[in-house]
Amino acid sequence: MYATFKEKARNWLRWSEKYTKTDMVYLAHGGFWLTLGQVVSSLSTLALAVAFANLVPPETYGAYKYILSIASIFAIFSLPGMNTALARAVAQGHEGLIHSVTRSRVMYSFLGSIVALAGSGYYFLNNNLELSLALLIIAVTLPVFDTFTGYFSYLIGKRRFDLQTKYHALTQTVSVTVLIATLFFTNNLIFILLAYFVPLTLIRGFLYFRIARTISKDEAGVETIKETHTYGKHLTAMQIFGVMSGNIDKILLWKFLGPAQLAIYAFAIAIPEQFKGPLKGMSNIMLPKYAMHASTETRRPPKHFWYKFLLYTSLLAVISLVYIAIAPLLFYTLFPSYTESIFFSQILALSLLTGAQIMPATLLTAQKRTKTQYVLTIVRSVTQLLLFIILIPMFGIMGAILATIVSNVINMIGTIIAVVVK
């Protein structure tokens, strides 16, 4: 019976391809695991948000988000762009690069640890023990916390979305369970940060070695290894402004409005931010396909590319409208202490449409359009950074929301133009 159902589903997917112009069997397989992973991620994140909303004061939650923003900036030292470069290389048959890529990332991350330790010492000498300990935690965990996530890139490149989802679900479940348990017993910021960083560091290290030991050492040529490392560093350099602009909003809100208002903003963006998961997942599904057939000479989009792009944009528009309609119910039910966040969250949901730019952006990555990616990333990030700096002091939370929407629209238009113009 299961075999019959499976065959009928496959036949229906093949039939639908004449309308979607897409390999629906591949998309359904990857999409199933993507959806399952997102369900697990969303439920765990929702449970954690409910716990924070009801168990700790806004000031503590605001301080927690502020420290995570600082940690995200320090994570640049761990060369996060290497993950995308590794996934691309694995999709092209160079699995063994996971070892050299990880070694390089660990070595560079120690630079971030040194800077974090210096910051910790500075705050200690100025009698700010809380920030001193927070930076110390970041310094100690940084060499493993982000660098050992290479196994995700390996699984993406191998198109093992099933195993990627299982490992992601395990990581999320352990991390969120430890955090929620901690929140039941304490409001102490340092204990909460330890409950976040330590379990994730341990489980990521364990999963990395579990996979890496099954992969032979680098078999790729010297040129391929050098190309992958160079491309990963370029992708990281592109992310510097993006990471800064993606976290400066929280830092500025902390400075001008305080931790309580930062908490309101954090809950306003919490649910719309969850849509980044499926968007990133779609990129993971598309990248191996694009990388296998990418032409760096003609740089032509795949067949029916823009038709699929319009379908995807339409789907995001529907999701945006549905969320705007149900947002009040969600907040009054789950986050009754943060109903002030509802209007901000509804406005921000309008920018979900710009998430469709993930398709042309992934194509540019597969084609290794480095210069184009540099220009697009810098323009978007600098625009967003300047808008945050100008609008947040003037309009507070609404200024941050408007800056996000405007920069997303600019980025989408620029990415489309880059693919069209070639």
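In this convention, every chain numbers its residues from 1, walking through the sequence in written order. Only residues with pLDDT of at least 70 are given local features in this predicted model, and only at 80 or more are side-chain atom pairs given and counted; all residues enter the totals for whole chains, interfaces and linings. Calculated side-chain values reflect all of the structure's heavy atoms, with hydrogen atoms and water omitted.

**Some words on the overall build of the chain**
Secondary structure elements follow DSSP: runs of H or I of four or more residues count as helices, runs of E of two or more count as strands, with numbering from the N terminus. In terms of helices and strands, the chain carries 17 helices and 0 strands. To sort residues, take the accessible area from a 1.4 Å probe on protein chains only and compare it with the maximum for the residue type: under 20% means buried, over 50% means exposed, and anything in between is partly exposed. The buried share of the chain, taken over its 422 residues, is 52%. Any pair of residues with heavy atoms lying within 4.5 Å of one another is described as a contacting pair. Long-range pairs, those at least 24 residues apart, make up 83% of the contacts in the chain between residues at least 6 apart in sequence. Using a 1.4 Å probe, accessible areas were evaluated by the Shrake-Rupley method; residue-level cover was limited to the displayed protein chains. Counting every atom, the chain has about 19800 Å² of accessible surface; 69% of that belongs to carbon and sulfur.

**Focus on a nonpolar patch on the surface**
Patches draw on residues past 30% relative accessible area with no salt bridge. Two like charges within 9 Å are joined, as are two nonpolar side chains (Val, Leu, Ile, Met, Phe, Trp, Tyr) within 5 Å. Salt bridge, as used here: a side-chain nitrogen of Lys or Arg that lies within 4 Å of a carboxyl oxygen of Asp or Glu. A surface patch of nonpolar side chains, about 660 Å² in accessible area, is lined by F77, M107, Y108, F110, L111, I114 and V115. With respect to the secondary-structure elements, M107 resides in helix 5 (residues 97–125). When its relative accessible area of 58% is taken as the criterion, M107 is described as exposed.

**Here we look at the packing of helix 4 (residues 81–91) against helix 7 (residues 150–157)**
Angles shown run from 0 to 180 degrees and are taken between the N-to-C directions of axes, each axis being a line fitted to C-alpha atoms and, for helices, limited to the stretch in contact. Where helix 4 contacts helix 7, the two axes come as close as 7 Å, and the packing angle between them is 35°. Here the hand of the crossing between helix 4 and helix 7 comes out right-handed. Facing helix 4, whose interface residues are N83, L86, A87, V90 and A91, helix 7 presents G150, S153, Y154, I156 and G157. Considered class by class, the residues forming the contact of helix 4 with helix 7 number 6 nonpolar, 4 polar and no charged. Left-handed is the label given to a crossing in which the near helix is rotated counterclockwise from the far helix by less than a right angle, and right-handed is the label when the rotation is clockwise. Under the convention adopted here, Pro, Cys and the residues Ala, Val, Leu, Ile, Met, Phe, Trp and Tyr are nonpolar, Asp, Glu, Lys and Arg are charged, and Gly plus all remaining residues are polar.

**Some details on unusual backbone geometry**
Of note, L79 is a non-glycine position whose phi angle comes to about 55°, a positive value. By secondary structure assignment, the location of L79 is in the loop between helix 3 (58–74) and helix 4. The phi angle at N127 is positive, at roughly 65°, despite the residue not being glycine. Among the structural elements, N127 can be located in the loop between helix 5 and helix 6 (129–145). Residue classification places N127 among the exposed positions, given a relative accessible area of 72%.

**Structural notes on the nonpolar core**
In terms of nonpolar packing, the biggest core is built from 68 residues, with Y64, I138, L193, F197 and I401 touching the most fellow members. Contacts of I401, omitting those with residues within four sequence positions, involve Y265, I269, F344, I347 and L348. Counting residues in each nonpolar core, the second largest holds 21 residues, with L86, F148, L155 and Y167 among its members. Buried residues of nine kinds, namely Ala, Val, Leu, Ile, Met, Phe, Trp, Tyr and Cys, make up a nonpolar core once their side-chain atoms join them within 4.5 Å.

**Considerations on the side chain of T147**
The topology assignment puts T147 in the loop between helix 6 and helix 7. Nitrogen and oxygen atoms within 3.5 Å of one another constitute a polar contact, given that in protein one can donate a hydrogen and the other can accept it, and given that sequence-neighbouring residues count only through two side-chain atoms. A polar contact is formed between the side chain of T147 and the backbone oxygen of P143, at a distance of 2.3 Å. The contact partners of T147, leaving out residues within four places of it in the chain, are S78, T102, R105, V106, S109 and L142.

**Digging into the packing of helix 16 (residues 370–395) against helix 17 (residues 397–421)**
Between helix 16 and helix 17, the least distance of the axes is 8 Å, while the angle of their chain directions is 165°. Taken as axis vectors, helix 16 and helix 17 run roughly antiparallel relative to one another. Judged by the sense of rotation from one axis to the other, the crossing of helix 16 with helix 17 is right-handed. For classification purposes, an angle smaller than 35 degrees is called roughly parallel, one larger than 145 roughly antiparallel, one from 65 to 115 roughly perpendicular, and anything else oblique.

**Description of the confidence of the model for the chain**
For the chain, the average pLDDT comes to 81, and 83% of its residues sit at 70 or higher. Confidence of the predictor at the level of single residues is given by pLDDT, which spans 0 to 100. When the elements of the chain are averaged for pLDDT, helix 1 (residues 2–20) gives the smallest value, 49, and helix 14 (residues 342–349) the largest, 93. The model gives residues 15–21 a pLDDT under 50, and that stretch makes 13 contacts with residues more than four places away or in other chains. For residues 23–30, every residue scores under 50 in pLDDT, and the model assigns this stretch 22 contacts once sequence neighbours within four places are set aside.

**Things to note about the pattern of salt bridges**
Within this structure, the stated rule accounts for 1 salt bridge. The partner of K250 in a salt bridge is D249, and the shortest N-O contact between them spans 3.6 Å. Each member of the pair K250 and D249 is classed as buried.

**So, the packing of aromatic side chains**
Between rings of Phe, Tyr and Trp, where Trp is taken as its six-membered ring, a pair exists when centres lie within 6.5 Å; planes separated by under 30 degrees are stacked, by over 60 edge-to-face, and by other angles tilted. Tallied over the full model, the rule gives 20 aromatic pairs. Pairing Y122 with Y123 gives two aromatic rings, centres 5.3 Å apart and planes at 75°, and the pair type is edge-to-face. Between the aromatic rings of W306 and F309, the centroid separation amounts to 5.5 Å while the plane-to-plane angle is 80°, which identifies the pairing as edge-to-face. Of this pair, W306 and F309 both sit in helix 13 (residues 305–334), 3 residues apart, roughly one helical turn. Here W306 falls in the partly exposed class, since its relative accessible area comes to 29%.

**A look at the environment of I240**
Position of I240 among the secondary structure elements: in helix 10 (residues 222–257). Considered as a pair, I240 and A75 are 165 residues apart in the sequence and their alpha carbons are 9.9 Å apart.

**Considerations on helix 16**
The end-to-end C-alpha distance of helix 16 is 36 Å, a good match for the 38 Å that 26 residues give at a rise of 1.5 Å each. Looking one or two places after helix 16, you find G396, whose phi comes out positive at around 65°. What a helix should span is 1.5 Å times the count of its residues minus one.

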